[in-house]
Amino acid sequence: MNYDVKSDGESVLVRNIYCVGRNYKAHAAELNNDIPKSPIVFQKSIPALNTSEEVVLPKDREIQHELEIVVLIGKDGENISIDDASTFIHGYGLGLDLTDRKYQMELKANKLPWLLAKSFKGSAVVSSFKPNEIMEDFWLKVNGNIRQKGSRNDMVFSISAQIAYLSEMIPLIRGDLIFTGTPSGVGPLSQGDQLELGIGDHSIHSISVS
Ligand code: ZN
């Protein structure tokens, strides 16, 4: 298997996939969660990485989309300051943190880790990465209709704050990905759905669901 992502013409081997939960107030509210006081961090497995244009839904499970800005870490670092954080970013992309919501709710109710609800094969969808920051509004269309829309301004913890916090707890490695949280509008995917991920007026990644 190939666990590289493309960033600014380079191939970078992915080392860890970190995700930040409840990072937009409206999304925390839609799942009846409080706003966290510090970033909630969880992981997806490396075999979850999906750089293709296809999502294969696992059998008999309802899978929901979570549209997110994803950053690729370009150099190793620990105890990174908020001011320096952006210098550790190799590229910005969009991704889908695909989630078995029902299973996640069961695990949550039993105070168990979410890993198995978040890490099935192909569940960490990412576009290619570009060095320019994603400032404009980003969106997910399902069959031509906007399902999720986000703006970095609505984040509870900025991308720099996430990098600073995470790197105090765990050293970051070149090739780490951080899924930076989903805006509201999460919902189920069905076989045959056609997805577009985009920024402003541009679609940057297309996906067929089967
Ligand atoms: Zn997520």
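For the structure, check the block above.
Not measured: the values here are computed from a predicted model.

Enquirer: Please explain the sheet that holds strand β12 (residues 138-142) as it appears in this structure.
Expert: Reading across from one edge, β6-β17-β16-β12-β13 is the order of the five strands in this open sheet, with mixed pairing throughout. A single partner strand is all that each edge strand has here, and the edge strands are β6 (54-55) and β13 (145-150). Judged from the five bridges that link them, β12 and strand β16 (residues 194-199) form a sheet pairing that is antiparallel. The residue of β16 that forms the bridge with Leu140 is Leu197.

Enquirer: Explain the coordination of the zinc ion here, please?
Expert: Four donors placed tetrahedrally about a metal ideally form angles of 109.5 degrees, and six donors placed octahedrally ideally form angles of 90 or 180 degrees. Protein-derived coordination of the zinc ion comes from Glu66 (OE), Glu68 (OE) and Asp97 (OD), at a distance range of 2.0 to 2.1 Å. Donor residues binding the zinc ion come from one chain and are separated in sequence as E-x1-E-x28-D. Here Glu68, found in strand β8 (residues 67-73), pairs with Asp97, found in strand β9 (residues 89-97); they are 29 residues apart in sequence, far enough to count as distant. The burial state of Glu68 is the same as that of Asp97; both residues are buried.

Enquirer: Honestly, the packing of aromatic side chains in this entry has me stumped. Any pointers?
Expert: One pair of aromatic rings is described through two measures. These are the centre distance and the angle between the planes. Per the stated rule, a full pass over the model turns up one aromatic pair. Geometrically, the ring pair formed by Phe42 and Trp114 is tilted, given 5.0 Å between the ring centres and 55° between the ring planes. Taken together, the residues span a long stretch of sequence, with Phe42 in strand β4 (residues 40-44) and Trp114 in the loop between α2 (101-109) and α3 (115-118) at a distance of 72 residues. The two residues Phe42 and Trp114 agree in class, both being buried. Between Lys75 and the ring centre of Phe88, over which it is positioned, the NZ or CZ distance is 4.6 Å. Directly above the ring of Trp139 sits Lys141, whose terminal nitrogen or CZ lies 4.9 Å from the centroid.

Enquirer: Would you take a moment to explain the pattern of salt bridges for this structure?
Expert: A side chain of one charge can pair with a side chain of the opposite charge when the charged atoms of the two come close. Scanning the entire structure with this criterion turns up seven salt bridges. A salt bridge links Glu10 to Arg174; the nearest nitrogen and oxygen atoms lie 3.0 Å apart. Within this pair, whereas Glu10 is found in strand β2 (residues 10-13), its partner Arg174 is found in the loop between α4 (159-169) and β14 (177-179), the two being separated by 164 residues in sequence. Arg174 gets classed as partly exposed once you look at its relative accessible area, which sits at 33%. A salt bridge links Glu66 to Arg101, with the shortest nitrogen-to-oxygen separation between them at 2.8 Å. Of this pair, Glu66 sits in the loop between β7 (63-65) and β8 while Arg101 sits in helix α2, placing them 35 residues apart in sequence. Judged by relative accessible area, which is 5%, Glu66 ranks as buried.

Enquirer: Looking at this structure, I do not really get the pairing of β16. What am I missing?
Expert: Every regular strand shows the same layout, with side chains that alternate between the two sheet faces. Relative to strand β17 (residues 202-209), β16 runs antiparallel, the two sharing six bridges. The residue of β17 that forms the bridge with Ile199 is His202.

Each value, and the rule that gives it
- Residues numbered from 1 in each chain as written.
- Predicted model: local features only at pLDDT ≥ 70, side-chain atom pairs only at ≥ 80, totals over all residues.
- Heavy atoms only, no water.
- Pairing = 2+ DSSP bridges.
- Helix = DSSP H or I, 4+ residues; strand = E, 2+ residues; numbered from the N terminus.
- Donors = N, O, S within 2.8 Å, 3.2 Å for Na, K, Ca; no water.
- Buried < 20%, exposed > 50% of the residue type's maximum accessible area, 1.4 Å probe, protein only.
- Phe/Tyr/Trp six-rings, centres within 6.5 Å; stacked < 30°, edge-to-face > 60°.
- Lys NZ or Arg CZ within 6 Å of the ring centre and 35° of its normal.
- Salt bridge = Lys/Arg side-chain N within 4 Å of Asp/Glu carboxyl O.

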